[in-house]
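Structure assessment
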Amino acid sequence: MEIEQSPKNGVKAKLRVEAPDSAISFEVERHAEWMRLRFDYGKPRTWRQLVIRDPADRLRFMHFDVVEPRNALLHRNAELTTATAVAGDIIPGRWTIEFLRNFPGEFELEWVIGDGEVLDEAFVRDEDREIWSEGEGAGRNGDLNRYDWNVCKGTGRRWYRGDLHGHTTLSDGSLSPREMTRQAEARELDFFFVTEHNVFPSSWPKGKPLVIPGMEFTSFGKGDWNALGLPGWIDCWGTGLQDGGMHTQEGQNRMMEEAAACGAVRTFNHPLAGRFAWRYPESPLRFIDLLEIWNSPTRRSTPGLTEQTMVLWNLLWNDGYRVPGVGGSDTHLRPDQSYEEGCPPDTIGDPASYVLADRLTPQDILSGLRAGHVYVSRGPELEASIEAGGCTFTFGDDLTEALAGSGDGIVRYRLTVTDAKGAKLRIIENGVVIDTQPIETDCWVHDQTFSWKGLDYVWRRLEIRDADDKLLCFTNPISSGTKEHELLTWGQLLDKAGIALDSLV
Ligand SMILES: [Zn+2]
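Because the structure is predicted, anything quoted here is derived from the model rather than measured. (Residues numbered from 1 in each chain as written. Predicted model: local features only at pLDDT ≥ 70, side-chain atom pairs only at ≥ 80, totals over all residues. Heavy atoms only, no water.)

Some words on the UniProt feature "domain: Polymerase/histidinol phosphatase N-terminal" (unreviewed entry) in the protein chain
Here, UniProt's "domain: Polymerase/histidinol phosphatase N-terminal" (unreviewed entry) annotation points to residues 162–221. The straight-line gap between the two end C-alpha atoms of residues 162–221 is 28 Å; of that span, 17% is helix and 30% is strand. (UniProt positions renumbered as here; feature names shortened; annotations may be inferred. Helix = DSSP H or I, 4+ residues; strand = E, 2+ residues; numbered from the N terminus.)

Pasting the structure below:
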């Protein structure tokens, strides 16, 4: 380690490692108001990640090497702190660096600590951000101690339009967080979730939409899941974790249990998408809070994958798992860029997930998701009025109790569809298409009245498809009764569907 007492108010030091014999760490000699970091892998950028903890074992910085600069400013003032660092005093002692997967082969770190003004113009103050976490209150895991889970950005019971999945420059996306927020405003989204790959921001640019924290647990080859509404970091790295974290079934199970215990909603993302498919066959199906049916619909491969995922979803419901289906743009590009030549551009809000809630708050949106009060659309908008046993319901609801008291088992289901003229409505019961109706007008009303009297277990959901059967919109099922599960694990579900993991390439 080289140490230089050079900069005005501080100490500058450098660490170079080629083959570590133990955990990588560096020693900070005195207390300071800020620390400026610069690091290098001596290699082009790729999916390399690191996390830095302070001597009190608190998470202070995380970095994903695809786009973000290889530098950071950790400051006692959150306004001056890098978006993926946690603000607070720089404390003396041993700071440790953890690398995702393995040691990158070569690593160089330069750090400068100091007090007062930060003497480097490269660190531009990024103003007008909401601070989500800072200081000792953020604890070991960078808990979002400043995030307001009840912040209200709209009132009135209605379908709030949003996106559950997207990426910015904080991981491997092309838009900065600020640009993403502007884009969501331009698309008139009410809300969106932040789901960077294994990175958890401590601040976010202010804007009109409700922004809800989350993270995409990304295993680099064995599958990805979102923790929506995640209030703090969860250890997922391979190094130093007894259960192997991201790399083992045991580690994945532990992380999913921790995520649920702290209130996050777990979504299995693009579970059949080739090299991003979910490859942990022992994952319990009860861990699936939400299933991402429709991911990134502008890619050519998406329609086929979506149909296959719907088969799995039908099997889950037929086996008594009331797992809400959702969508996510999984946006990575600028709004004028496409994944493939000739394909439409990739943007946030395509598809949009509509969530029924009383108010536009993080807690209300998360509750709506858990309840399956969701439909997913690339255009058509829906309203539903569902009546059974004297009670009213919406998509995703369980009618068991109301029907038990109703005698005749009658369900009156009125659906209003706007912006889908020329398309068709498909009605699916217990996984089978039982009716198809042409949508004849711009604002089309369809009434279904049916009886579920005497049925042990039944569910019904709707799809809107264009003349070529291309998916435009789907709802979550209403259901009644119970069914004892025969399937327990992801592997058993795939077997039932006749899908071999090895075939997903
Ligand atoms: Zn993603």
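Now, onward.
Concerning the coordination of the zinc ion
The protein atoms that coordinate the zinc ion are His165 (NE2), His167 (NE2), Glu216 (OE) and Asp330 (OD), at distances of 2.1 to 2.3 Å. Bound by 4 donor atoms, the zinc ion shows angles of 82 to 169 degrees at the metal and therefore irregular coordination geometry. For the zinc ion, all donor residues lie on one chain, and their spacing in sequence is H-x1-H-x48-E-x113-D. (Donors = N, O, S within 2.8 Å, 3.2 Å for Na, K, Ca; no water. Tetrahedral: all angles 85-135°; square planar, octahedral: opposite > 155°, others 65-115°.)

Section: the nonpolar core
Among the nonpolar cores identified, the biggest contains 85 residues, and Phe191, Phe193, Phe217, Trp233, Ile365 and Leu369 are the most heavily contacted of them. For this core, the element with the highest residue contribution is helix α3 (residues 302–318), accounting for 6 residues. Mapping this core onto the domain boundaries places at least three of its residues in each of domain 1 (2–127) and domain 2 (155–503). (Core = buried A, V, L, I, M, F, W, Y, C linked by side-chain atoms within 4.5 Å. Buried < 20%, exposed > 50% of the residue type's maximum accessible area, 1.4 Å probe, protein only. Domains from an automatic or database assignment.)

Let's talk about the layout of surface pockets
If you add up the space inside the largest pocket, you get close to 620 Å³. Lining the largest pocket are 30 residues; nearest its centre among them are His270, Ala273, Phe276, Arg299 and Asp330. Of all the secondary-structure elements, those providing two or more residues to the lining of the largest pocket are β14 (210–218), β17 (290–295) and α3. Ranked by the residues each element gives to the lining of the largest pocket, the list is headed by α3, at 4 residues. Residue composition of the lining of the largest pocket, grouped by class: 9 nonpolar, 12 polar and 9 charged. (1 Å grid on protein atoms, 1.4 Å probe; cavity = no way out; pocket = protein on both sides within 12 Å on 5 of 7 lines; lining within 4 Å. Points joined across faces, edges and corners; volume = space filled by probe spheres on them. Nonpolar A, V, L, I, M, F, W, Y, C, P; charged D, E, K, R; others polar.)

A few points about the packing of α3 against helix α6 (residues 490–497)
Axes are the key here: two packed helices are described by the angle between their axes and the distance separating the axes. The contact between α3 and α6 brings their axes to 10 Å, and the two run at 110 degrees. With respect to each other, α3 and α6 are oriented roughly perpendicular. Here the hand of the crossing between α3 and α6 comes out right-handed. In contact with Leu312, Leu315 and Leu316 of α3, α6 contributes Trp490, Leu493, Leu494, Lys496 and Ala497. Of the residues belonging to the contact of α3 with α6, the class tally is 7 nonpolar, no polar and 1 charged. (Axes fitted to C-alpha atoms, helices over the stretch in contact; angles between N-to-C directions. Parallel < 35°, antiparallel > 145°, perpendicular 65-115°, else oblique. Left-handed = near helix turned anticlockwise from the far one by under 90°. Contact = heavy atoms within 4.5 Å.)

Details of helix α2 (residues 249–261)
It helps to recall that an α-helix has 3.6 residues per turn; residues three or four apart then point in one direction. The terminal C-alpha atoms of α2, which comprises 13 residues, lie 18 Å apart, in line with the 18 Å expected from a rise of 1.5 Å per residue. The set of residues buried in α2 consists of Gln249, Gly251, Gln252, Arg254, Met255, Met256 and Ala259. Each element contacted by the buried residues of α2 is listed here: β14, β15 (224–228) and β16 (265–268). The first or second residue beyond α2 is glycine 263, which carries a positive phi of 95 degrees. (Expected span 1.5 Å × (residues − 1).)

A word on the packing of aromatic side chains
A full pass over the atoms with the stated rule returns 27 aromatic pairs. For the ring pair phenylalanine 217 and tryptophan 225, a centre distance of 4.1 Å and an interplane angle of 5 degrees mean the geometry is stacked. For phenylalanine 217, a relative accessible area of 0% corresponds to the buried category. Note on tryptophan 225: relative accessible area 0%, which makes it buried. Summarising the aromatic geometry, the rings of phenylalanine 268 and tryptophan 278 are spaced 5.1 Å apart at their centres and angled 55 degrees between planes, so their arrangement reads as tilted. With phenylalanine 268 in strand β16 and tryptophan 278 in the loop between β16 and β17, the pair connects residues that are 10 residues apart, well separated along the chain. Judged on exposure class, the residue phenylalanine 268 and its partner tryptophan 278 are both buried. Members of the aromatic cluster, connected to one another through ring pairs, are Phe39, Tyr41, Phe61, Phe99, Phe103 and Phe107. (Phe/Tyr/Trp six-rings, centres within 6.5 Å; stacked < 30°, edge-to-face > 60°.)

Points about the state of the cysteines
Here, the word disulfide means a covalent bond between the sulfur atoms of two cysteines. Within this structure, the stated rule accounts for 0 disulfides. Lacking any disulfide linkage, cysteine 236 is separated from the closest cysteine sulfur, that of cysteine 262, by 13 Å. The class for cysteine 236 is buried, based on a relative accessible area of 0%. Residue cysteine 443 stays outside any disulfide, its sulfur separated by 14 Å from that of cysteine 473, the closest cysteine. (Disulfide = S-S within 2.5 Å.)

Overview of the environment of threonine 416
With respect to the helices and strands, the residue threonine 416 is situated in strand β23 (residues 410–418). C-alpha separation for the pair threonine 416 and serine 385, spaced 31 residues apart in sequence, amounts to 8.6 Å. Ignoring sequence-local partners within four residues, the contact set of threonine 416 consists of Glu381, Leu382, Glu383, Cys443, Trp444 and Val445.

Brief notes about the sheet that holds strand β21 (residues 381–388)
Strand order in the open sheet formed by 4 strands is β22-β21-β23-β26, with antiparallel pairing between adjacent strands. Every other strand in the sheet has two partners, leaving β22 (391–393) and β26 (443–451) as the edge strands with one partner each. Adjacent strand axes in the sheet meet at a mean angle of 20 degrees, parallel and antiparallel pairs treated alike. (Pairing = 2+ DSSP bridges.)

Examining the environment of proline 351
Secondary-structure assignment places proline 351 in the loop between β18 (325–328) and β19 (352–359). Setting aside residues no more than four positions away along its own chain, proline 351 makes contact with Gly162, Asp163, Trp294, Pro297, Gly327, Gly328, Ser329, Val376, Ser377 and Arg378.

Here we look at the side chain of glutamate 98
Here glutamate 98 lies in strand β8 (residues 93–99). You can call glutamate 98 buried: its relative accessible area is 19%. One polar contact links glutamate 98 to arginine 53, side chain to side chain, over a distance of 3.3 Å. (Polar contact = N/O pair within 3.5 Å; in protein donor to acceptor, adjacent residues only side chain to side chain.)

What about the pattern of salt bridges?
Under the criterion given, the structure shown has 43 salt bridges. One salt bridge connects arginine 48 with aspartate 65, and the closest N-O pair in it is separated by 3.1 Å. With arginine 48 in the loop between β4 (34–40) and β5 (49–53) and aspartate 65 in the loop between β6 (59–64) and β7 (71–75), this pair connects stretches of sequence that are 17 residues apart. Each of the two residues, arginine 48 as well as aspartate 65, counts as buried. (Salt bridge = Lys/Arg side-chain N within 4 Å of Asp/Glu carboxyl O.)

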